[in-house]
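# Report on the structure
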Amino acid sequence: METSIGPIPRPRGAKADIGALGAPYTWRTLVVLIAIAALLFVSARRVEVDKFLSLTGEAISAQFGFKESSQVGRGLSRVAQDLFPITLAYRTDVSRVADLDDARLPWLAYIETVQHREYRMNPTTSQLEETVSEKRVLVEPLGYLTLTIGKMIETIEIALWATILAVLLSLPLAYLGAANYTPSKAIYALSRGTVSLLRAIPELISALFLVLAFGFGPVAGFLALGLHGAGFLGKFYAEDIEAADKKPQDALRALGASKVRVLRLAVLPQVMPSYIAYTLYILDRNVRMATVIGLVGAGGIGQELKGRYDLFEYGNVATILVVIFVTVFVLDQISARLRARLIA
Amino acid sequence: MTSSAQLRGVEGQHHPMLSFHGLTKQYPDGVKALDEVTFSVPRGEFCVILGPSGAGKSTLLKTLNGLAEPSSGKVVFDGEEVSRRTLRRVQKRVATVHQQFNLVERLNVAQNVLSGAIADATLLQVMLQWYPHSFRQKACDLVARVGLEPVHLARRMGELSGGQQQRVGIARAFILDPDVILADEPVASLDPATSRDVLTLLHDAARERGTTVLCSLHQVDMGLSFADRVIAMRRGRIVFDGHPDAITDAELAQIYEGSDEDRRLAA
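Conventions adopted
Residues numbered from 1 in each chain as written. Chains lettered and ligands numbered in written order. Predicted model: local features only at pLDDT ≥ 70, side-chain atom pairs only at ≥ 80, totals over all residues. Heavy atoms only, no water. Helix = DSSP H or I, 4+ residues; strand = E, 2+ residues; numbered from the N terminus. Rg over C-alpha atoms; globule rule 2.2 N^0.38 Å. Buried < 20%, exposed > 50% of the residue type's maximum accessible area, 1.4 Å probe, protein only. Contact = heavy atoms within 4.5 Å. Areas by Shrake-Rupley, 256 points an atom, 1.4 Å probe, with all protein chains shown as cover. Lys, Arg positive; Asp, Glu negative; His and termini not counted. Charge placed at Lys NZ, Arg CZ, Asp CG, Glu CD. Axes fitted to C-alpha atoms, helices over the stretch in contact; angles between N-to-C directions. Parallel < 35°, antiparallel > 145°, perpendicular 65-115°, else oblique. Left-handed = near helix turned anticlockwise from the far one by under 90°. Nonpolar A, V, L, I, M, F, W, Y, C, P; charged D, E, K, R; others polar. Buried area = accessible area lost by both parts, 1.4 Å probe. Salt bridge = Lys/Arg side-chain N within 4 Å of Asp/Glu carboxyl O. Polar contact = N/O pair within 3.5 Å; in protein donor to acceptor, adjacent residues only side chain to side chain. pLDDT = per-residue confidence, 0-100. Phe/Tyr/Trp six-rings, centres within 6.5 Å; stacked < 30°, edge-to-face > 60°. Lys NZ or Arg CZ within 6 Å of the ring centre and 35° of its normal. Pairing = 2+ DSSP bridges. Expected span 1.5 Å × (residues − 1). Right-handed = clockwise from strand over helix to strand, strands pointing away.

## Some points on the overall build of chain A
A count of helices and strands for chain A gives 11 helices and 3 strands. Along its sequence from the N terminus, chain A presents helices and strands in the succession α-α-α-β-β-β-α-α-α-α-α-α-α-α. On C-alpha atoms alone, chain A measures out to a radius of gyration of 32 Å, which is more than a quarter above the 20 Å that the 2.2 N^0.38 rule sets for 344 residues. Across the 344 residues of chain A, 31% fall into the buried class. Within chain A, residue pairs in contact and separated by at least 24 positions form 70% of the contacts whose partners lie at least 6 positions apart. Working note: accessible area of chain A is about 22100 Å², and carbon and sulfur atoms make up 65% of it. For chain A, the distance from the average site of its 35 positive side-chain charges to the average site of its 30 negative ones is 13 Å.

## Re the packing of helix H6 (residues 203-214) of chain A against helix H9 (residues 259-293) of chain A
Residue and element names in this part refer to chain A. Running from N to C, H6 and H9 point in directions that differ by 50°, and their axes come no closer than 11 Å. Classified by the interaxial angle, the pair formed by H6 and H9 is oblique. Two packed elements cross with a definite hand, and for H6 against H9 that hand is right-handed. Contact residues: Glu203, Leu204 and Ala207 in H6; Arg285, Met289, Val292 and Ile293 in H9. Partitioned by chemical class, the residues of the contact of H6 with H9 number 5 nonpolar, no polar and 2 charged.

## Describing the interface of chain A and chain B
Between chain A and chain B, the residue contacts involve 22 residues of the former and 31 residues of the latter. The junction of chain A with chain B conceals about 2300 Å² of combined surface from both sides, 64% of it contributed by carbon and sulfur atoms. On the chain A side of the contact with chain B, Leu255, Arg261 and Leu265 of chain A bury the most area, a combined 30% of that side's loss. Counting the contacts that link chain A with chain B gives 0 salt bridges. The biggest single contributor to the side of chain A that touches chain B is H9 of chain A, with 9 residues. The residue makeup of the side of chain A that touches chain B, split by class, is 14 nonpolar, 3 polar and 5 charged.

## Some thoughts on the side chain of threonine 291 of chain A
Residue and element names in this part refer to chain A. If you trace the backbone, threonine 291 turns up in helix H9. Of the residues examined, threonine 291 reaches a relative accessible area of 7% and is grouped as buried. From its side chain, threonine 291 meets the backbone oxygen of arginine 288 in a polar contact 2.5 Å long. The contact partners of threonine 291, leaving out residues within four places of it in the chain, are Met152, Thr155, Ile301, Gly302 and Ile324.

## Focus on the confidence of the model for chain B
Residues and elements named next belong to chain B. Scored by pLDDT, chain B has a mean of 89; 92% of the residues are at 70 or more. No element of chain B has a lower mean pLDDT than helix H1 (residues 4-11), which averages 47, and none a higher one than strand S8 (residues 212-216), which averages 96. Note that residues 1-12 has pLDDT below 50 and, in this model, 17 contacts with residues that lie over four places away or in other chains. The ipTM assigned to the predicted complex is 0.87, against a pTM of 0.81.

## What to know about the packing of aromatic side chains
Using the criterion set out here, one finds 8 aromatic pairs over all chains in the structure. With 6.3 Å between their ring centres and 25° between their planes, phenylalanine 325 of chain A and phenylalanine 329 of chain A make a pair best called stacked. One end of the pair is phenylalanine 325 of chain A and the other is phenylalanine 329 of chain A, both in helix H11 (residues 314-342) and 4 residues apart, which spans about a single turn. Classification of phenylalanine 325 of chain A by relative accessible area gives exposed; the value is 59%. An aromatic cluster is defined as three or more aromatic residues linked by ring pairs; in this entry it consists of Phe232, Phe236 and Tyr278 of chain A. Above the plane of the ring of phenylalanine 174 of chain B lies arginine 209 of chain B, whose end atom (NZ or CZ) is 5.0 Å from the centre.

## Examining the side chain of glutamine 219 of chain B
Residue placement: glutamine 219 of chain B occurs in the loop between S8 and helix H9 (220-226). Look past the residues within four positions of glutamine 219 of chain B in its chain and what remains in contact with it is Leu50, Val187, Ala188 and Ser195 of chain B.

## A closer look at the sheet that holds strand S5 (residues 80-81) of chain B
Residues and elements named next belong to chain B. The strand order across the open sheet built from 4 strands is S2-S1-S4-S5, with neighbouring strands paired in antiparallel fashion. The outermost strands of the open sheet, each flanked by one partner alone, are strand S2 (32-41) and S5. With 6 bridges connecting them, strand S1 (residues 18-26) and S2 associate as antiparallel partners. What sits directly across from lysine 25, in S2, is leucine 34.

## A closer look at helix H6 (residues 133-145) of chain B
All names here are of chain B. With 13 residues, H6 extends 18 Å between its outermost C-alpha atoms, agreeing within 8% with the 18 Å of an ideal straight helix rising 1.5 Å per residue. Packed against the buried residues of H6 are helix H4 (109-114), helix H7 (162-174) and helix H8 (192-209). Once H6 finishes, glycine 147 follows within two positions and takes phi at roughly 90°, a positive value.

## Remarks on the pattern of salt bridges
By the definition in use, this model includes 30 salt bridges over all chains. Across the pair aspartate 250 of chain A and arginine 253 of chain A runs a salt bridge, and its minimum N-O distance is 2.8 Å. Of the two residues, aspartate 250 of chain A and arginine 253 of chain A are both situated in helix H8 (residues 246-253); the distance of 3 residues between them amounts to about one turn of the helix. Residue arginine 253 of chain A is classed as partly exposed on the basis of its relative accessible area, which comes to 42%. Aspartate 310 of chain A serves as the salt-bridge partner of lysine 306 of chain A, at 3.0 Å between the closest nitrogen and oxygen. Remark: aspartate 310 of chain A and lysine 306 of chain A occur in helix H10 (residues 301-310); sequence separation between them is 4 residues, near one turn of the helix. Residue lysine 306 of chain A is classed as partly exposed on the basis of its relative accessible area, which comes to 34%. By relative accessible area, which is 43% here, aspartate 310 of chain A ends up partly exposed. In the salt-bridge network here, residues are joined through shared partners; they are Arg43, Asp78, Arg93 and Asp179 of chain B.

## Section: the sheet that holds strand S1 (residues 90-93) of chain A
All names here are of chain A. Judged by pairing direction, the sheet is antiparallel, and its 3 strands sit side by side in the order S1-S3-S2 without closing on themselves. Two strands bound the open sheet, and with one partner strand each, they are S1 and strand S2 (110-121). The sheet shows a mean angle of 40° between the axes of neighbouring strands, direction not considered.

## Brief notes about the pairing of S8 of chain B
All names here are of chain B. Of all 5 residues in S8, 5 are buried, a share of seventy percent or more. Residues Thr212, Leu214 and Ser216 point to one face of S8 and Val213 and Cys215 to the other, with burial holding for every one of them. Alignment of strand S3 (residues 46-50) against S8, held across 4 bridges, turns out to be parallel. Within the sheet, the bridge partner assigned to valine 48 lies in S8 and is cysteine 215. In terms of strand pairing, strand S7 (residues 180-184) meets S8 through 5 bridges, oriented parallel. Bridging from a neighbouring strand, aspartate 184 pairs with serine 216 of S8. Once the chain exits S7 it traverses H8 before rejoining the sheet at S8, and the crossover so formed is right-handed.

Put into structure tokens, the structure is as follows:
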């Protein structure tokens with residue numbers, strides 16, 4: 001029986017010397033640093049970092065009057081000119097609108113008469129003649145804005161359904177892919193593999209193929225986003241189940257409860273706050289991605305954006321961009337508040 | 001009070017509530033947590049297991065509720081051998097009070113007490129946490145019995161003190177009127193005064209219902225004052241089994257010799 005507590009014995013032959021710690025850096029550190037620098041240098045040329053530096057320098061020197069103009073400055077000012085003024089109104093030729101009743105125009109709308117000049121070659125004189133005709137145009141002052149907002153709502157709906165799909169798909173995948181709840185190793189591997197695969201395919205690429213399968217429109221968009229979101233949620237949900245405190249699970253297991261019951265009572269309450277956080281993040285991300293995914297024809301505001309951009313109607317593009325920005329900003333605020341309230 | 005436990009007790013007097021036969025548990029690293037442990041516990045007994053850390057007390061309890069599987073030997077519960085096949089049935093009649101309480105942090109007191117009925121309620125009731133009236137009534141009665149106020153029902157675990165949490169743990173253990181309660185160091189993380197209160201509660205509540213209790217403890221003085229019977233273990237073996245008055249100081253000193261508790265006892 002040990003009774004006395006003497007000084008801590010030091011192992012024989014070991015000398016506490018600073019040399020035993022070793023040098024903080026060795027020649028290998030230097031070699032590795034040089035290799036990394038060389039690789040970055042080669043890579044910088046490939047992604048035109050040099051071009052970025054020279055053009056930015058040119059733009060800055062133009063700004064301070066050292067140079068006449070710069071490529072970047074010209075590009076930016078052209079964009080600014082094209083985007084403004086933004087187009088809020090919708091103008092339609094009255095002749096194109098079927099049975100328009102002048103007395104019962106849509107809300108806020110009015111009819112404008114514009115002079116329409118046309119140059120036409122007179123076949124007899126072979127001269128260009130100017131003909132001026134009066135044209136009546138139906139103007140809906142906020143028509144285009146309304147249409148854009150409608151498209152934005154459709155985009156949010158795509159994001160919402162994508163999130164619902166992602167949650168519905170990832171809950172069973174998480175259960176099967178959580179090492180401590182999966183029925184078998186094979187199912188675990190299968191589930192984790194599926195989740196990785198879903199996460200590996202970018203939404204834009206899968207949307208491209210889904211458009212081929214389901215046709216243009218929101219269906220391809222919400223499927224693409226939902227599958228990708230399931231890839232994320234399936235992984236995060238499963239990892240949270242694995243990391244949950246084991247003690248309450250043991251307690252309920254010892255009472256003879258099945259896995260599903262233990263999961264419901266001992267795991268779900270623990271992981272709920274982070275599940276809500278992940279899901280809100282995916283919803284957030286889906287709204288942003290849903291605006292982009294229309295570029296490949298998968299519905300939403302992106303499809304409208306692409307159409308207007310291709311027709312050089314930059315005023316309309318500007319309206320779309322403003323609506324997207326405002327929406328994302330507002331949704332950010334809402335989801336921050338929702339998160340704070342739900343995770344209490 | 002006539003509980004189902006007592007009724008069952010009257011019918012089957014011929015066999016003990018619990019018995020362990022040559023129980024051995026060897027971990028993969030070669031450590032023998034239990035070494036040929038044999039004893040039986042009659043109905044309604046409050047049996048305290050003493051011993052230093054690592055003596056095998058927890059492992060012994062876990063062989064009954066299925067959290068540990070013995071390497072050899074058998075555990076017989078109410079005349080029925082505990083095996084994979086019978087485990088579920090046994091688990092429903094055995095409740096455990098844990099050292100770290102093992103309650104669900106983010107559920108409230110009522111939900112935690114009701115979670116004790118997890119294996120008896122229907123799947124839908126568990127999924128929705130919507131238990132029948134009888135269970136809810138019982139949970140309320142138990143919460144009052146363990147000395148908590150009705151206002152505590154809706155409090156989450158994080159808002160309660162350790163002693164209050166263990167009271168919830170005890171209420172959870174009693175909700176299905178188990179035949180046996182395993183208490184694995186139920187007061188190890190509580191201060192001495194609270195420990196005594198909580199142990200008194202467990203003892204009295206079990207006595208009222210005729211519940212058999214197998215309780216591991218490392219506080220010797222408390223073990224001796226509450227127990228109907230003391231079993232002392234050291235290195236996986238039983239070194240004393242008998243009435244608490246029968247154990248001598250010399251025997252106690254021998255049990256705890258060289259352990260951390262030994263130093264604490266000496267101090």
